[in-house]
Amino acid sequence: MRRVRPALLACLLAAALPGGVAAQAARDWAAASRPAAGPPRIAGGYGLGCIAGAVALPADGPGWQVVRLSRNRFWGHPDLIAYLRGLGARAQAAGLPPFWVGDLGQPRGGPMPWGHASHQIGLDADIWLDLRPKPALPPAARERIEVPSVVREDGMRVDPARFTPAHALLIRLAAEHPAVDRIFVNPAIKQALCEAMPGAAWLRRVRPWRGHDSHFHIRLHCPEGQPGCQPQAPVPPGDGCDSSLAWWFTPEARQPAPRPGKPAPPPALPAACTGILAAP
């Protein structure tokens, strides 16, 4: 978790090249406006895969509102949709205002032209860290939602005026669910959670990662009955409030050196994804 994997970096670089093979593939996946029919079927991993039988998260529900609906990235495995519905209900029961839901995945998953390297198999979702009371906005008014960072400009601590106990509660409610594989947050947010709730078992699932200062990223385990789903390596034992967290505040982590040499060709999607993309 300390450095971007070479294959992933290569994929990101290739996708950034206009007219490149990877860029065209991402545009093809984004052009699929509806899911492939049939039961849910995942092929591949979080950063290189696809899904058939995805379902949509409703634009509104008890405890949540989906933003930037025009992106058509509100699709996921049924387990993810059920999880987000449950999180909305738990947050509402805890007295929290509705939260903004950002990107899940595309109707058939796969690589995106911009914005994410993962979110490809219907098991990832972004939740914005905006817990101000908010009215039920019409979809058009949610297209330009701007959420401020809750981390200080120097990146070393959270901003106490913006990161509140309510934010910590929402992340805890999200992380306690057994379906969660991990939740990505800014290292400063992880640090604040470690200080506020040391030793909490759910902290193990909350992992520091660059960015994620105005939202947190939920990732679910591969569901049962999905042999084509490739899991991520298990998170290390312990709560993660140790030297592995301290590393994120070192010069090595904050200013990573550029990698020498030419990037390798991006890896190919699983063969099953060809049929999923081509399905009517």
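Keep in mind it's a predicted model, so treat the numbers as computed, not measured.

1. Remarks on the sheet that holds strand β1 (residues 41-45)
Strand order in this open sheet of three strands is β2-β1-β12, and the pairing throughout is mixed. At either margin of the open sheet sits one strand with a lone partner, and together these are β2 (48-52) and β12 (229-230). The pairing of β1 with β2 spans five bridges and is antiparallel. For Arg41, the partnering residue across the bridge sits in β2 and is Ala52.

2. Overview of the pattern of salt bridges
Applying the stated rule across the entire model yields nine salt bridges. For Arg157, the salt bridge is made with Glu195, and the minimal N-O distance between the two is 2.9 Å. Here the residue Arg157 occupies a position in the loop between β8 (124-128) and α4 (165-175), and Glu195 occupies one in helix α5 (residues 187-196), the gap between them amounting to 38 residues. The exposure class of Arg157 is partly exposed, given its relative accessible area of 33%. If you follow the salt bridges from partner to partner, you end up with Arg71, Arg73 and Asp103 in one network.

3. With respect to the nonpolar core
As a rule of thumb, nonpolar side chains are buried together in soluble globular proteins. In this structure, Ile171, Ile189, Phe216 and Ile218 are the most contacted members of the largest nonpolar core, which totals 51 residues. Apart from the residues within four sequence positions on either side, Ile171 is in contact with Leu129, Phe163, Ile183, Val185, Ile189, Leu193, Trp202, Val206 and Phe216. Counting eight residues, the second-largest nonpolar core is a separate cluster that includes Phe184, Trp248, Phe249 and Ala253.

4. What about the state of the cysteines?
Inspection of every chain in the model, using the stated rule, returns three disulfides. Covalently, Cys222 is tied to Cys229 through a disulfide, its sulfur atoms 2.1 Å apart. One disulfide, between Cys222 and Cys229, carries an S-S torsion of -75° and so falls in the left-handed class. Taking relative accessible area as the criterion, Cys222 reaches 23% and is therefore assigned partly exposed.

5. Description of unusual backbone geometry
In terms of backbone geometry, most residues other than glycine have negative phi values and most peptide bonds are trans. The phi angle at Arg68 is positive, at roughly 50°, despite the residue not being glycine. For Arg68, a relative accessible area of 15% gives the class buried. Phi is positive for His212, close to 50°, though the residue is something other than glycine. With respect to the helices, strands and loops of the structure, His212 is situated in the loop between β10 (206-208) and β11 (215-220).

6. Considering the packing of aromatic side chains
One pass over the full model with this rule turns up three aromatic pairs. For the pair Trp209 and Trp248, a centre-to-centre distance of 5.5 Å together with 75° between the ring planes defines the contact as edge-to-face. Placement of the pair is Trp209 in the loop between β10 and β11 and Trp248 in the loop between α6 (243-246) and α7 (251-254), with a sequence separation of 39 residues. Here the two residues Trp209 and Trp248 agree in accessibility, since each one is buried. Ring geometry for Trp247 versus Trp248: centroids 5.1 Å apart, planes at 80°, classification edge-to-face. Both residues of the pair, Trp247 and Trp248, belong to the buried class. By the ring-pair criterion, three or more aromatic residues cluster together here, those being Trp209, Trp247 and Trp248. Lying across the ring of Trp114, Arg73 places its NZ or CZ 4.2 Å from the centre.

7. Structural notes on helix α2 (residues 21-31)
When we look at burial in α2, the residues that qualify are Ala22, Ala23, Ala26 and Trp29. The arc enclosing the buried residues of α2, seen along the axis, measures out at 125°, which places them on a common side. Residues Val21 and Ala31 are exposed on α2 and point more than 90 degrees away from its buried face.

8. Describing the environment of Phe74
Structurally, the position occupied by Phe74 is in the loop between β5 (64-66) and β6 (75-76). Between the alpha carbons of Phe74 and Ala125 there is a distance of 8.7 Å; along the sequence they are 51 residues apart.

9. A closer look at the pairing of strand β9 (residues 180-185)
Along β9, six of the six residues are buried, which leaves the element largely enclosed by surrounding structure. With four bridges connecting them, β9 and β11 associate as antiparallel partners. Among the inter-strand pairings, Phe184 is bridged to a residue of β11, identified as His217. The sheet contact formed by β9 and β10 spans three bridges and is parallel. Within β10, the position partnered with Val185 by the bridge is Pro208. The β-α-β motif built from β9, the intervening α5 and the parallel element β10 has right-handed crossover chirality.

About the thresholds
- Residues numbered from 1 in each chain as written.
- Predicted model: local features only at pLDDT ≥ 70, side-chain atom pairs only at ≥ 80, totals over all residues.
- Heavy atoms only, no water.
- Pairing = 2+ DSSP bridges.
- Helix = DSSP H or I, 4+ residues; strand = E, 2+ residues; numbered from the N terminus.
- Salt bridge = Lys/Arg side-chain N within 4 Å of Asp/Glu carboxyl O.
- Buried < 20%, exposed > 50% of the residue type's maximum accessible area, 1.4 Å probe, protein only.
- Core = buried A, V, L, I, M, F, W, Y, C linked by side-chain atoms within 4.5 Å.
- Contact = heavy atoms within 4.5 Å.
- Disulfide = S-S within 2.5 Å.
- Phe/Tyr/Trp six-rings, centres within 6.5 Å; stacked < 30°, edge-to-face > 60°.
- Lys NZ or Arg CZ within 6 Å of the ring centre and 35° of its normal.
- Arc of directions from axis to C-beta.
- Right-handed = clockwise from strand over helix to strand, strands pointing away.

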